Each structure stands twice: as C-alpha cells, then as structure tokens.
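Structural overview
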Amino acid sequence: MDKEFKQKLAEIVKDNAWYMGLGDVSRATGISQTKLRYWERKGYIESKQGKNQNRKFSYSMLIKAYQIKLFLDQGYTLAVAAEKAEAKNNVLKLVRKVIFDRFEDVATYDGHQAINLGPFDEDKDKLLYAVIYDGGTQFKLVDLPDKEA
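Residues numbered from 1 in each chain as written. Predicted model: local features only at pLDDT ≥ 70, side-chain atom pairs only at ≥ 80, totals over all residues. Heavy atoms only, no water.

Quick look at the sheet that holds strand β1 (residues 19-21) now. Taken in spatial order, the three strands make up an open sheet running β1-β3-β2, and their pairing is antiparallel. Strand pairing shows two members of the sheet lacking a second neighbour, β1 and β2 (48-49), which therefore form its edges. Across three bridges, the pairing between β1 and strand β3 (residues 55-58) is antiparallel. In the sheet register, M20 faces β3, and the bridge partner there is F57. This element, helix α2 (residues 22-29), spans β1 and β3 of the sheet and lies at about 90° to β1. Packing against the sheet, helix α4 (residues 59-73) makes contact with β1 and β3, and its axis sits at approximately 80° to β3. (Pairing = 2+ DSSP bridges. Helix = DSSP H or I, 4+ residues; strand = E, 2+ residues; numbered from the N terminus. Contact = heavy atoms within 4.5 Å. Axes fitted to C-alpha atoms, helices over the stretch in contact; angles between N-to-C directions.)

Bringing the sheet that holds strand β4 (residues 105-109) into the picture now. As summarised here, the arrangement of the four strands in space is β4-β5-β6-β7, forming an open sheet in which the pairing is antiparallel. One side of each edge strand has no neighbouring strand; the edge strands of this open sheet are β4 and β7 (136-143). Across the sheet, the mean angle from the axis of one strand to that of its neighbour is 35°, orientation sign disregarded. When strand β5 (residues 112-119) meets strand β6 (residues 126-133), the two strands line up antiparallel, connected through four bridges. Pairing of N116 across the sheet is with Y129, part of β6.

So, to be careful, I would describe these as geometric facts and stop short of saying anything about function.
Take a look at the structure:
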C-alpha cells in the first residue's frame, strides 16, 4: 500500500473525520432523534455544530449511541449503558490504533488472504502476518530473505 495513502487513511480514521447528521444517526441506529438530543444534553454523546447549527456526529459517536441502545435493551440504566459504551469505545480506539500502526499491506499466504503487520521484532528479520481462514484468523511469522544474499 502506498505509504502516503496509508498515512492519510490512518489520519482520517484516527480523527473520526466522518460526520453525519442527526437524522442519519437516527436512521442508522434506530434511536429516535428526541432520544439522541436527550443523550447529548446529558453528556453521554456529543456532536459538533455544522453549518446552520445542524448537529454533526462522528462515526465514533454513531457507534457509541448504538452501543448505548444495545445496553439499554439488555436492561441497564442509561448512566450504566453510557459508561459501558464508553469503555467499549475505548477498546475500539485501541484496536484501531494497533491496526493502523502495524498495517503494511494485504498479501497472500499459503493461498489465503493475509494482512502484513510488518516486522515482528527489532532485528526485522521476520514479518508478522494475520492469515484469514474460513474458521478464523491465525498469526504467522515469516522469515525475510537474508539481506546479504
């Protein structure tokens, strides 16, 4: 993958630079606009003011709102649901950081699609691959060819 493209993509995803309106979030999550406004007033979710004072929610906030809804559906109070959703959002941020810090390229390993996660250690003599099989994903270490050869 082109290094400049990879950096720009990581920047976009890191900054959650995808925004949508209140109606879009409501349609995507099945949460009424009234509830979303209430949750925002209570501080459980947040938006940025767009042009004409329209609320603009990040993709991350859409996910958080949906997680709150799922926890509410399981019987949690709004405060607890929001707390649990925030904890899950923090985990997703960590996963996203690891993926974008380590992602090098898409490859094929032993006939299966694989993600090249770059050098495994400081010696940089092995690459780490996440190989995708029908039954799941496995990590494989692959020796790099000798540099002196």
